[in-house]
Amino acid sequence: MQNNVTPMFVRPRTPKLKNDWMTIVLKVLLAAGIFFSMLYFGKRNFNSLFMTMIDSSYSSFMGVSLFTYLSTMTPTALIMIKITFPIIATVILFLLYIVFAKFFASLVFRQYMIIGVQFDIRRFRVCLDSSFIIMTVLLGVGEIIFAQLPLAYNFGNIFVPPIVALLSMSVFFFAFSRGLEKRFYPILIHIMIIPTIMLVLFA
Amino acid sequence: MRNKTFGKRRIFTALSIMTLLVLILTAFVGCSAKNVDVKKVDGIDAALGDKAFGYMQTLLTQYADRTLGGGNDFEFAKYLSKTMSDWGYTSEFSHGDILGLQGFKTTFSRYVNYANEELSDVWAYNVIFTKHTSQQSKGEIMLTCQYDNLYQEQADMSGKPWGADGSYESGGALAVMLTLAEQLKDVDLGYDVTFAFFTGGSYCWRGALQYASQLDREKLDSIAIVLNYSMLCGDNLYIYEGETKTTYGSFLNACADGATTKVPNDRNIGQFILEQDSVYNYVNIGMLSNQHYFMNRYVPTANFLSLNWESNANPLFTEMSGKPNVYHTPDDTFENMLARKGEEGIKAQLFDVIKTSLTALSSENIDSFASALEKAESEFPNATAQNAKSASLVNVVFKAVLIALLIGVSYLIKSYVFKNSDKIMPQKQEQSENIEEPFGDNLYDTEVFGENDGDNEDKEKENTPFNDPFE
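In this text, all values refer to a predicted model and were calculated from it rather than measured experimentally.

A. The arrangement of the overall build of chain B in detail. Check the secondary structure of chain B and you find 17 helices and 10 strands. Of the contacts made within chain B by residues no fewer than 6 positions apart, 75% connect residues no fewer than 24 positions apart. Of the roughly 22,400 Å² that chain B leaves accessible, carbon and sulfur atoms contribute 52%.

Set out below in structure tokens:
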């Protein structure tokens, strides 16, 4: 009497990106951009290690004397650490970005599915990667500028990253919405709100 | 024609934005040059460099161990007390029968046999002496330095005491202070001149913190300036007056007559603070000395220090180009200093510091210095807008406002889309008639769940409003 082939529900899969030379180049550039901003952001935080040198009381970390290590390290060793930290940060942030991009893509894909617009994952990732490259480079440049203006850094550090995040999302919007019918613009902006809030919070 | 006007408008807008940015940035930095008038002072002899060098040798031979809580720091404090008393300085402080000692108990950690050992309630001694003016006092000029070192530190794999006499950190500054005290013992500048030899400089300048934190506002306001001498005999000599340019800073640099190097803009800062309610929420190498705690209490300060601030060879800071740092290492010894800087180089830099100080504190220039100091209060950075607390508050408020705005925009768009759904999705009605194929044009890959799935069949049965017991 019953047919056992009735589908209960249908969940469309978010398309997967098939990498080509352009997407790979963009990913490399993005990783470089993250490293660039981390290197200069890290400069300020790396120098916080100096705290362990001015008072050895600060330097007991799990029973290990950072004071000793820092006091006796050669400049080359210190520079190696200074480069290693941003590399580790870059790897972590890049992985977080991949998760973020997938989440964002699924949001856009599902909404586009509802309104019946073709979703091109390659186009999406190219636009998002490019806007993030701009963001990371601007954040790095901001760090360099504020290193010259330490007094302005307090507030520069507060205002610049969220503004740069908004700017990069605007770049994404203008790039990704090209070719999209204007009547769908509000919907695209609406989809972008949650990812934008995430960026503003963590930028 | 229209395009031309549009182009002009764009240029005008771009220029306006750039001008605004420049105005905002210069308002933050406030780096205008200050005009100062400094008269040449005769009689400041280069032999004073030799004298200071002699003091360094005395320190090495008689008081190499000045470690806080190590025992010999007390002996050295007594030496300072006797020396200053002999030169006619007086003090409101005493510890036991020893004049000039501000004794206090402190707790800190030191590495002993590669283990962090806490030293509790250790007696520490600041040595404070003043020469009061015979005239109506215009205020107090403080000359400060640390006198302790890390001679007994054992943060080393060998577990042996370092034996570092601390010539770079504290030795040179001590020698300068003693020379200045000797030179100024008979000079009446119209100011009370205080010499403060602080202890605990190797442990976050505990002595200076102890001294500054016991001063009330009235006493702090009476301090015209704190001239601090910290690490000396590096590559270049700097006078760090704070994060903003000040008239008194320009005056002191003019007194140096070319011996000092301009503090670079990129100051390689570290994101930490030494005490709550710090003026800045970061530090740089210029801030890190005794005067820091006075600066945090809005007292004008100037720190004489010597390093190579322009070099990035060492990511933390570089004392001398091409040479390893000795700060807080077993290598901070007089022997190493001689090898790095040479006797003549040491004497020359010590003399530059002494000459600069004596020129500023001479009868010829004291009035100019006083008028420069009068402007110090107005030149202090807007602390409420710069400090760590207000920055954190603004950070939270700014992000909260931005997120609230984004959520607001989200709701506005939502209501707009609902109101204008006919315009946005005119085919909606048609689609609803064909509800079985919402994505009939097959735009997407789909993942189908439930096909040939016995479990789902069971669930379907459970969810059926009427269970047929006969089926």
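Still more to cover.
B. Just helix α10 (residues 343-360) of chain B, in detail. Helix length check: α10(B) (18 residues) gives 26 Å between terminal C-alpha atoms against 26 Å at 1.5 Å per residue, within 8%. Turning to α10(B), its buried residues are B:I346, B:K347, B:Q349, B:L350, B:F351, B:V353, B:I354, B:T356, B:S357, B:L358, B:T359 and B:A360.

C. Structural context of unusual backbone geometry. Residue and element names in this part refer to chain B. Even without being a glycine, C204 presents a positive backbone phi close to 65 degrees. Tracing the sequence through the fold places C204 in the loop between β6 (192-198) and α5 (206-213). At D257, a position not held by glycine, the phi torsion is positive, near 55 degrees. Within the secondary structure, D257 is located in the loop between α7 (247-256) and α8 (292-295).

D. Region of the structure containing the nonpolar core. Membership of the largest hydrophobic core comes to 116 residues, with the highest contact counts inside it found for B:L143, B:F195, B:F197, B:Y229, B:F294 and B:F369. A per-element tally of this core places helix α4 (residues 167-183) of chain B first, with 9 residues. Once you skip the residues sitting within four places of it in the chain, B:Y229 turns out to touch B:L143, B:T144, B:C145, B:A173, B:V176, B:M177, B:L180, B:N303, B:F304, B:V353 and B:S357. Counting 44 residues, the second-largest nonpolar core is a separate cluster that includes A:Y112, A:V126, A:M169 and A:I191.

E. Molecular detail of the state of the cysteines. On inspection of all chains with the given rule, the structure shows 0 disulfides over all chains. Here B:C145 is not disulfide-linked; the sulfur of B:C233 is the nearest cysteine sulfur, at 13 Å.

F. Local environment of the pairing of strand β8 (residues 236-240) of chain B. Residues and elements named next belong to chain B. Among the 5 residues in β8, 4 count as buried, and that is most of the element. Pairing of β8 with strand β9 (residues 301-307), which is carried by 5 bridges, proceeds in the antiparallel orientation. The residue of β9 that forms the bridge with Y238 is L305.

G. Focus on α7(B). Residue and element names in this part refer to chain B. Judged by how many residues are buried, α7 sits mostly within the fold: 8 of 10 residues are covered. When α7 is considered as a whole, its buried residues turn out to be T247, Y248, G249, S250, F251, L252, C255 and A256. Where the residues of α7 are buried, they touch β7 (223-229), β8, β9, α10, α11 (366-374) and α12 (376-379). Where α7 terminates, the next one or two residues include D257, which has phi positive at roughly 55 degrees.

Reading the values: rules and limits
Residues numbered from 1 in each chain as written. Chains lettered and ligands numbered in written order. Predicted model: local features only at pLDDT ≥ 70, side-chain atom pairs only at ≥ 80, totals over all residues. Heavy atoms only, no water. Helix = DSSP H or I, 4+ residues; strand = E, 2+ residues; numbered from the N terminus. Contact = heavy atoms within 4.5 Å. Areas by Shrake-Rupley, 256 points an atom, 1.4 Å probe, with all protein chains shown as cover. Expected span 1.5 Å × (residues − 1). Buried < 20%, exposed > 50% of the residue type's maximum accessible area, 1.4 Å probe, protein only. Core = buried A, V, L, I, M, F, W, Y, C linked by side-chain atoms within 4.5 Å. Disulfide = S-S within 2.5 Å. Pairing = 2+ DSSP bridges.

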